[in-house]
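# Architecture and fold: a report
So the chains spell out like this:
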Amino acid sequence: MNKEKIAFIPKQYFAVVAVLLAIMMSVLDGTIMNIALPTLAHDFDVTPSTAIWIVNAYQLVITMTLLSFASLGDIYGYRRVFLIGISIFVASSLACALSTSFWMLTASRVVQGFGAACVMSVNTALIRLIYPPQILGRGMGVNAMVVAVSAAAGPSIAGSILALGSWHWLFVINIPLGLAALIIGHKLLPHNPPSETKHKFDRISAIANALTFGLLIYTLEGFAHSENRRFIAIQIVLLIVIGTYFIRRQLRETTPILPVDLLKIPIFSLSIGTSITSFTAQMLAMVSLPFFMQNVLGYNAVQIGLLLTPWPLATILTAPLAGRLVERVHPGLLGGIGMGIFATGLLTLYLLPPHPAEWDIVWRMALCGMGFGLFQTPNNVTIVSSAPTHRSGGASGMLGTARLLGQTLGTTLVALIFRMFAEGHRAQVCLLLAIIFAVGAGIVSSIRMTQASPAGKR
């Protein structure tokens, strides 16, 4: 069938809308809370460091359970896991809005994290089912665009809501969106195709997975915030023991929760590696630059927000374009070019003059976003399409886990660098390290050209 003759019927379009609405909510709820933390700390009379748990609890639960829910999607159906996740997310959003204490809100955010993990674990697997394989890149491009828009709009939406009303409305807005996604998804989302392989959910591996990733994230956070060294040492020992047991158990499974079977596919493992390193580079820059702009260049919070905006805007524009290009160009080449542009953008930021004009910052930020958008969509397409259809859940879960690990590593490195270097040099060191990670991701991405492109295959 010619690509020009491939067309969606309205039913398929609406199925995509359900997935995009859900992923938009889950991403938004990971970003809007940062703006609301000072308000929440004041209202509940807790310290800022305690209030951060409203954000950390949500992110930690997602990281600890993402792969387990992806495995459940492979077994029981991506549609079922997705709809259950939306239901949990809507109910917990209502509980968040009705919270009367800090710990009630935190507990509700934990439950909300489970719902978001369900959605994130299978969203790209559902997109693979909805879109014809020949134009899967377009679907992944739209998905990447929605994620970028949600991440960029989060602070603005939160600021507008807090200017007009109380923090409770940050959660109320999820309810109509979630109900719409639930109704559309229930009617139109496709079921998993029949699979010849049947397996049971491994509860022990799920527990080991949660403990391994939980300890990994918490240990990194401990390093970043100079926690008690003895406590960190205990965490490292537990991480090594539990992590070793977990990985050895996965190697014996035919359909493991940690998809070591998929990691044996060269182009899949290379793509996961580039994803982790690219998101590490992104967070090294995005977390350190606001401090540099405020403390060294003297910009206020509103100006910093505007100066950072060209990055996600450029990603929004290039991600769908990359989704179309991947139908014709090998994703390894596209990813390599994208990371090359991204690294160049980071280098130009590193070489900023002492007193730059606003335009000098804007075009450099846009260059970074353009390169990242050109890389992200082809990389995501490769991760999802290189896995067998019945393992799309495992691939989808691993895609999300790689992103979270890269973001966590990048944030941790920023915290460590800020402890080790003086004010005027911190951002430059972060940018230099980000360039190294971006160049490494570009090299690994280019190596994928030795592998056959999985685009267009099921």
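We now turn to the structure provided with this report. (Residues numbered from 1 in each chain as written. Predicted model: local features only at pLDDT ≥ 70, side-chain atom pairs only at ≥ 80, totals over all residues. Heavy atoms only, no water.)

### Describing the overall build of the protein chain
Along the protein chain, the regular secondary structure elements total 18 helices and 0 strands. Based on the C-alpha atoms only, the size of the protein chain along its principal axes is roughly 60 × 50 × 50 Å. Relative to its full complement of 458 residues, the protein chain shows a buried share of 53%. Long-range pairs, those at least 24 residues apart, make up 84% of the contacts in the protein chain between residues at least 6 apart in sequence. For the protein chain, the exposed area adds up to about 19,600 Å²; of that, 69% sits on carbon and sulfur atoms. Between the averaged position of the 28 positive side-chain charges in the protein chain and that of its 15 negative side-chain charges there is a distance of 11 Å. (Helix = DSSP H or I, 4+ residues; strand = E, 2+ residues; numbered from the N terminus. Buried < 20%, exposed > 50% of the residue type's maximum accessible area, 1.4 Å probe, protein only. Contact = heavy atoms within 4.5 Å. Areas by Shrake-Rupley, 256 points an atom, 1.4 Å probe, with all protein chains shown as cover. Lys, Arg positive; Asp, Glu negative; His and termini not counted. Charge placed at Lys NZ, Arg CZ, Asp CG, Glu CD.)

### Quick look at helix α10 (residues 229-252)
In a regular helix each residue adds 1.5 Å, so 24 residues correspond to 34 Å; α10 covers 35 Å between its end C-alpha atoms and thus fits that length. Taken residue by residue, α10 has Ile 232, Gln 235, Leu 239, Gly 243, Phe 246, Arg 249 and Gln 250 as its buried positions. (Expected span 1.5 Å × (residues − 1).)

### Digging into the side chain of Thr 63
Relative to the elements of secondary structure, Thr 63 occurs in helix α3 (residues 53-76). A distance of 3.0 Å separates the side chain of Thr 63 from the backbone oxygen of Gln 59, its partner in a polar contact. If near-sequence neighbours (up to four positions away) are discounted, Thr 63 is found in contact with Phe 213, Ile 217 and Leu 404. (Polar contact = N/O pair within 3.5 Å; in protein donor to acceptor, adjacent residues only side chain to side chain.)

### Considerations on the nonpolar core
Of all hydrophobic cores here, the largest spans 67 residues; its most connected members are Ile 62, Phe 82 and Ile 86. Looking at which element gives the most residues to this core, the answer is helix α5 (residues 102-130), with 11 residues. Those residues in contact with Phe 82, other than ones at most four positions away along the chain, are Ala 18, Val 19, Ala 22, Val 119, Val 122, Leu 126 and Leu 189. Within the second largest apolar cluster, 35 residues are counted, among which are Ile 304, Leu 307, Leu 349 and Val 414. (Core = buried A, V, L, I, M, F, W, Y, C linked by side-chain atoms within 4.5 Å.)

### Considering the packing of aromatic side chains
According to the stated counting rule, one finds 8 aromatic pairs in the structure shown. The side chain of Arg 109 reaches across the aromatic face of Tyr 58, ending 4.2 Å from its centre. (Phe/Tyr/Trp six-rings, centres within 6.5 Å; stacked < 30°, edge-to-face > 60°. Lys NZ or Arg CZ within 6 Å of the ring centre and 35° of its normal.)

### Quick notes on the pattern of salt bridges
As enumerated under the stated definition, the model contains 4 salt bridges in all. One salt bridge connects Arg 249 with Asp 202, and the closest N-O pair in it is separated by 3.0 Å. Note that Arg 249 is positioned in helix α10 and Asp 202 in the loop between α8 (174-188) and α9 (203-224), a separation of 47 residues in sequence. Each member of the pair, Arg 249 together with Asp 202, is buried. Salt bridges linked by common partners bring Asp 74, Asp 261 and Arg 391 together as one network. (Salt bridge = Lys/Arg side-chain N within 4 Å of Asp/Glu carboxyl O.)

### Quick look at the environment of Phe 291
Considering the arrangement of structural elements, one finds Phe 291 in helix α12 (residues 266-295). Between the alpha carbons of Phe 291 and Ile 304 there is a distance of 9.3 Å; along the sequence they are 13 residues apart.

### Remarks on the packing of helix α15 (residues 331-350) against helix α16 (residues 358-385)
One can describe the packing of α15 onto α16 by two numbers: an axis separation of 7 Å at closest approach and a directional angle of 155 degrees. When the axis of α15 is compared with that of α16, the two are roughly antiparallel. The handedness of the crossing between α15 and α16 is left-handed. Classifying every residue of the contact of α15 with α16 by side-chain character gives 16 nonpolar, 7 polar and 1 charged. (Axes fitted to C-alpha atoms, helices over the stretch in contact; angles between N-to-C directions. Parallel < 35°, antiparallel > 145°, perpendicular 65-115°, else oblique. Left-handed = near helix turned anticlockwise from the far one by under 90°. Nonpolar A, V, L, I, M, F, W, Y, C, P; charged D, E, K, R; others polar.)

### Brief notes about a nonpolar patch on the surface
Judged by side-chain polarity, Leu 347, Tyr 350, Leu 351, Leu 432 and Ile 436 come together as a nonpolar surface patch covering roughly 460 Å² of accessible area. At the level of elements, α15 and α18 (423-447) are the ones that each hand at least two residues to the nonpolar patch. For Leu 351, the position within the fold is in the loop between α15 and α16. Residue Leu 351 is classed as exposed on the basis of its relative accessible area of 55%. (Patch = residues over 30% accessible without salt bridge, like charges linked within 9 Å, V, L, I, M, F, W, Y side chains within 5 Å.)

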